[in-house]
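Secondary and tertiary structure notes
Spelled out, the chains give:
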Amino acid sequence: MKRPIAASLGCLLALALVASLAFGSDSLQHLDARALRWLATDREGGLGDFATVIAYLGDPLPQLVLLAVAALLALRLYGRERALAVLALVAGANLTTQLLKLALAQPRLQPILGYYQVGDSAFPSGHSTAAAAMTYAFVLAVPTRLRVLAGVVGAVLTVAVGASVVILHHHYPSDVLGGVLVASAWFFAAVAALRARAG
């Protein structure tokens, strides 16, 4: 149980570091903006159209459908406690991100971006949080033999969703990393809780 708790705390410390650099380091902000501008170059073209479709996976409706599937699967295979852990993980991660957006909302104006600036409440990325949390939810829900596969598929989709919201000019790369760290902290906390209940 100690390892997942330590991992959860490590994710929170990493989140605090990323946030402090994203808001307080001129060099990282400039690097963030340069990466954003490079990735968002084709947002009005075919890549942008594809990114819009992928980013939709992080919207509330598909997330609710996926959460229902994961929770029911966990309930069937492992019982009520695992299903509740799945629900708590996803709900907790998304709520945490929304609260952080409110608490940390402030402009991060970058001259390199010109007129097209990122919104004040972009950190952390809600879509990235949702995608990562859902990946972790399925890792907890599927049979043991499928956990690696669920993790790999989920990681690919999480990266795709994160890249898409940057391509669409909705987030800096640091916002995406922040969202993944929020979900990771909740995942390890859920694992710690399940282990504590089991033993």
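Residues numbered from 1 in each chain as written. Predicted model: local features only at pLDDT ≥ 70, side-chain atom pairs only at ≥ 80, totals over all residues. Heavy atoms only, no water.

So, about the overall build of the chain. A count of helices and strands for the chain gives eight helices and zero strands. The linear arrangement of helices and strands in the chain, starting from the amino end, is α-α-α-α-α-α-α-α. Relative to the 2.2 N^0.38 estimate, which gives 16 Å for 199 residues, the radius of gyration of the chain is 17 Å and therefore close to what a compact globule would have. Projected onto its principal axes, the C-alpha coordinates of the chain cover approximately 55 × 35 × 25 Å. Residue pairs in contact within the chain that sit at least 24 positions apart in sequence constitute 80% of those at least 6 positions apart. One way to put it: in the chain the 14 positive side-chain charges average out to a point 19 Å from where the 9 negative ones average out. (Helix = DSSP H or I, 4+ residues; strand = E, 2+ residues; numbered from the N terminus. Rg over C-alpha atoms; globule rule 2.2 N^0.38 Å. Contact = heavy atoms within 4.5 Å. Lys, Arg positive; Asp, Glu negative; His and termini not counted. Charge placed at Lys NZ, Arg CZ, Asp CG, Glu CD.)

For the rest of this paragraph, the subject is helix α5 (residues 80–104). With 25 residues, α5 extends 35 Å between its outermost C-alpha atoms, agreeing within 8% with the 36 Å of an ideal straight helix rising 1.5 Å per residue. Within α5, burial applies to R82, A83, A85, V86, L89, V90, G92, A93, T97 and K101. Those residues of α5 that are buried are in contact with α4 (60–78), α6 (126–141), α7 (147–167) and α8 (173–198). (Expected span 1.5 Å × (residues − 1). Buried < 20%, exposed > 50% of the residue type's maximum accessible area, 1.4 Å probe, protein only.)

What follows covers a nonpolar patch on the surface. Taken together, the side chains of L57, L146, L149, V153 and L157 present a nonpolar region at the surface, about 390 Å² in accessible area. Positionally, L146 belongs in the loop between α6 and α7. Since its relative accessible area comes to 34%, L146 is described here as partly exposed. (Patch = residues over 30% accessible without salt bridge, like charges linked within 9 Å, V, L, I, M, F, W, Y side chains within 5 Å. Areas by Shrake-Rupley, 256 points an atom, 1.4 Å probe, with all protein chains shown as cover. Salt bridge = Lys/Arg side-chain N within 4 Å of Asp/Glu carboxyl O.)

Glancing now at the packing of aromatic side chains. A full pass over the atoms with the stated rule returns four aromatic pairs. Their ring planes at 85° and their centres at 5.5 Å tell us that Y115 and Y116 sit as a pair that is edge-to-face. Exposure class is identical for Y115 and Y116. Each is exposed. The ring of Y78 is capped by R82, whose NZ or CZ atom sits 4.1 Å from the centre of that ring. Taking NZ or CZ as reference, R108 lies 4.8 Å from the ring centre of F23, over its face. (Phe/Tyr/Trp six-rings, centres within 6.5 Å; stacked < 30°, edge-to-face > 60°. Lys NZ or Arg CZ within 6 Å of the ring centre and 35° of its normal.)

Attention now moves to helix α3 (residues 46–55). Turning to α3, its buried residues are G48, A51, I54 and A55. Along the axis of α3, the buried residues cluster in a sector spanning 120°; they form a single face. The exposed set on the far side of α3, more than 90 degrees from its buried face, consists of D49, F50 and V53. Those residues of α3 that are buried are in contact with α6 and α7. (Arc of directions from axis to C-beta.)

Turning our attention to the pattern of salt bridges. Within this structure, the stated rule accounts for two salt bridges. Note that E81 and R197 form a salt bridge whose closest N and O atoms lie 2.7 Å from each other. In this pair, E81 sits in helix α5 while R197 sits in helix α8, placing the two residues 116 residues apart along the sequence. Among the residues examined, R197 registers a relative accessible area of 63% and is labelled exposed. Between D175 and R108 there is a salt bridge whose closest N-O contact spans 2.8 Å. Taken together, the positions of D175 in helix α8 and R108 in the loop between α5 and α6 put the pair 67 residues apart, joining distant regions of the chain.

What follows is about the nonpolar core. Nonpolar side chains tend to gather and get buried jointly when the protein is soluble and globular. The biggest cluster of nonpolar side chains holds 33 residues, and the ones touching the most others in it are V86, L89, A137 and L140. Counting only elements with at least two residues in this core, the list comes to α1 (2–24), α4, α5, α6 and α8. The dominant element in this core, judged by the number of residues it contributes, is α6, at nine residues. Counting residues in each nonpolar core, the second largest holds 15 residues, with A33, A55, I112 and Y172 among its members. (Core = buried A, V, L, I, M, F, W, Y, C linked by side-chain atoms within 4.5 Å.)

A few words now on the confidence of the model for the chain. Looking at the chain, pLDDT values average 94 and 99% of them are 70 or higher. Within the chain, α6 carries the highest mean pLDDT (98), whereas α3 carries the lowest (90). (pLDDT = per-residue confidence, 0-100.)

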